[in-house]
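Examination of the molecular architecture
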Amino acid sequence: MSPGGAVPRAERRRRPHGARFAALAVMLSAALVATACSSDDSSDSASSSTASGSPSSGGSSSGALVPFDTAAMDKLIDDMATEYREIGMMVLIRTPQGEYVKSFGTVSSDSKDAPTLDTKVRIGSNTKTWTGTAIMQLVQEGKIAIDDPVSKYRPDVPNGANITIGQLLDMRSGLYNYTETLTLNEALDNDPQKVWQPEELVALGLSNPPYFPPGTGYHYSNTNTVLLGLIAEKLEGKPIAQIFQDRFFSKLNMTGSSFPANTDTSIPAPYASGYSYSGNVETLDEPALSPERIAAIEAGTVQPRVTTNDNPSWTWSAGQGIATANDLATWVKAMGSGELLNEATQKLRIDSVQPTDPAKPDGAGYGYGIAQMGPLYGHIGEMPGYNSFMGYDPINDVTMVVWANLAPTIDGNAAAAAVASKLVPFVYNVPAPDTASDVDEVADDTSGG
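Residues numbered from 1 in each chain as written. Predicted model: local features only at pLDDT ≥ 70, side-chain atom pairs only at ≥ 80, totals over all residues. Heavy atoms only, no water.

We now examine the packing of helix α3 (residues 127-140) against helix α8 (residues 240-249). Running from amino to carboxyl end, α3 crosses α8 at an angle of 75 degrees, the nearest separation of the two axes being 11 Å. On the basis of their axis angle, the class for α3 and α8 is roughly perpendicular. Along its contact with α3, which presents Thr127, Trp130, Thr131, Thr133, Ala134, Gln137 and Leu138, the element α8 presents Ile243, Phe244, Arg247, Phe248 and Phe249. Of the residues that constitute the contact of α3 with α8, the class distribution is seven nonpolar, four polar and one charged. (Axes fitted to C-alpha atoms, helices over the stretch in contact; angles between N-to-C directions. Helix = DSSP H or I, 4+ residues; strand = E, 2+ residues; numbered from the N terminus. Parallel < 35°, antiparallel > 145°, perpendicular 65-115°, else oblique. Contact = heavy atoms within 4.5 Å. Nonpolar A, V, L, I, M, F, W, Y, C, P; charged D, E, K, R; others polar.)

Most of strand β3 (residues 98-105) sits inside the fold, with six of its eight residues counted as buried. Between the antiparallel neighbours strand β2 (residues 88-95) and β3 lie two residues. (Buried < 20%, exposed > 50% of the residue type's maximum accessible area, 1.4 Å probe, protein only. Pairing = 2+ DSSP bridges.)

Those residues of helix α11 (residues 343-351) that fall on the buried side of the exposure criterion are Thr345, Gln346 and Arg349. Looking straight down α11, one finds its buried side chains confined to an arc of 100 degrees; they lie on one side. The exposed set on the far side of α11, more than 90 degrees from its buried face, consists of Glu343, Ala344 and Lys347. Residues of α11 that are buried in the fold lie against α3 and α10 (325-337). (Arc of directions from axis to C-beta.)

Overall, the coordinates contain 10 aromatic pairs when judged by the stated rule. With centroids separated by 5.4 Å and ring planes inclined at 65 degrees, the aromatic side chains of tryptophan 130 and phenylalanine 244 adopt a geometry described as edge-to-face. Of this pair, tryptophan 130 sits in helix α3 while phenylalanine 244 is found in helix α8, placing the two residues 114 residues apart along the sequence. As far as the burial class goes, tryptophan 130 and phenylalanine 244 line up, both buried. Relative to phenylalanine 248, the ring of phenylalanine 244 has its centre 6.2 Å away and its plane inclined at 25 degrees; by these criteria the two rings are stacked. Remark: phenylalanine 248 and phenylalanine 244 occur in helix α8; sequence separation between them is four residues, near one turn of the helix. We classify phenylalanine 244 as buried; its relative accessible area is 0%. Of the residues examined, phenylalanine 248 reaches a relative accessible area of 0% and is grouped as buried. Cluster of aromatic residues (ring-pair linked, three or more members): Trp130, Phe244, Phe248, Phe249, Phe259 and Trp331. (Phe/Tyr/Trp six-rings, centres within 6.5 Å; stacked < 30°, edge-to-face > 60°.)

It is worth spelling out the pattern of salt bridges at this point. When their charged atoms lie close together, side chains carrying opposite charge are able to pair. Tallied over the full model, the rule gives 17 salt bridges. For the salt bridge of lysine 75 with aspartate 79, the shortest nitrogen-to-oxygen distance reads 2.7 Å. Placement of both lysine 75 and aspartate 79 in helix α2 (residues 70-83) is noted, with a separation of four residues, approximately one turn of the helix. Of the residues examined, aspartate 79 reaches a relative accessible area of 40% and is grouped as partly exposed. A salt bridge links glutamate 282 to arginine 293; the shortest N-O distance between them is 2.9 Å. (Salt bridge = Lys/Arg side-chain N within 4 Å of Asp/Glu carboxyl O.)

Shape is all these values report; function is a separate question.
Following this line, the structure appears as structure tokens:
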């Protein structure tokens, strides 16, 4: 995506992956701009809020946050999830004020089981933060440098002598996003069980001209993160799945997280099935479905396709991860608070964040494998059937996680990110810098993997 450009939502996804991510970030910003809401409406759906009388240990300002209005939050989530035709949705918010948990619907269309915090889902581009953090730890260990040219590790990358590791991390390399190719999207539609090798994905990206010279623009590209995964494997001498297990899952007790083999299309139980009405080529340039298709869906003559066991290898280190809401909350807080890096390396990472749109200096930002949406650091992930949002505010000690298992919506929205953006006013007493809008921006960028 060109600097500041935004792409349609289907990998809003398929369109420049960076565009959709940016749009959702914008949405979250907007939500935070709104004042906190309250309502007397009641809800029968499962939710909980526990009061916490102790102040935040992270130096948060208690005046910036408000107690949860659970009835109003429940109603908002129920209404939005219903509007988006979600099968299931899970929301988790933690602040010094307490914890809010909301479960909507069921884990599949043929189940009566409600989602829980330990239900596993595909997390799409949230996986990029695992890859990015592994690279940042290798930087900390002196095994690689942010300013190293990519050619030092991958001589095959065109103009690699002028592309740095940092530019792969912050999506400013200019390398073409392979998920925007017709080749990949046709394959996803016609052969969803195809096993993709990382080198095939890189070759698809490198076979297309770059968007711009290195460092002169921003364009979200899965090609960058797959290259980083291959470089991490080369430096570590082990598979990326083992790198994640050794560096993160074991140390943070993320027992519900995994990175499956390329040939493994299963999700460990308990899991939520994934659903999608959208075809990949169909939404390559326009995220919303046609009026005719929407009419058929609303008439009940078209049902969503089950995507649960589609092979996710087309995302590899850019999106192949599996996790629970609990694990995403653990992860994003550890990443945002600096638990995973020393002080100097964490500062390097946070300082790397720049606006995705130079014309909006206060809008959504992206840095070394991490997105910023208002006060929240985290990411958004989407692939056919699954959309997830995770964010952590290190100043106010706020953690927010949302996932949904029908994606994208028929009008091209990222449901989890949309809900997250609308929940911001229920958390903050005063508006943070356009957080809801930032979330919308980021969602536009990350849709599709």
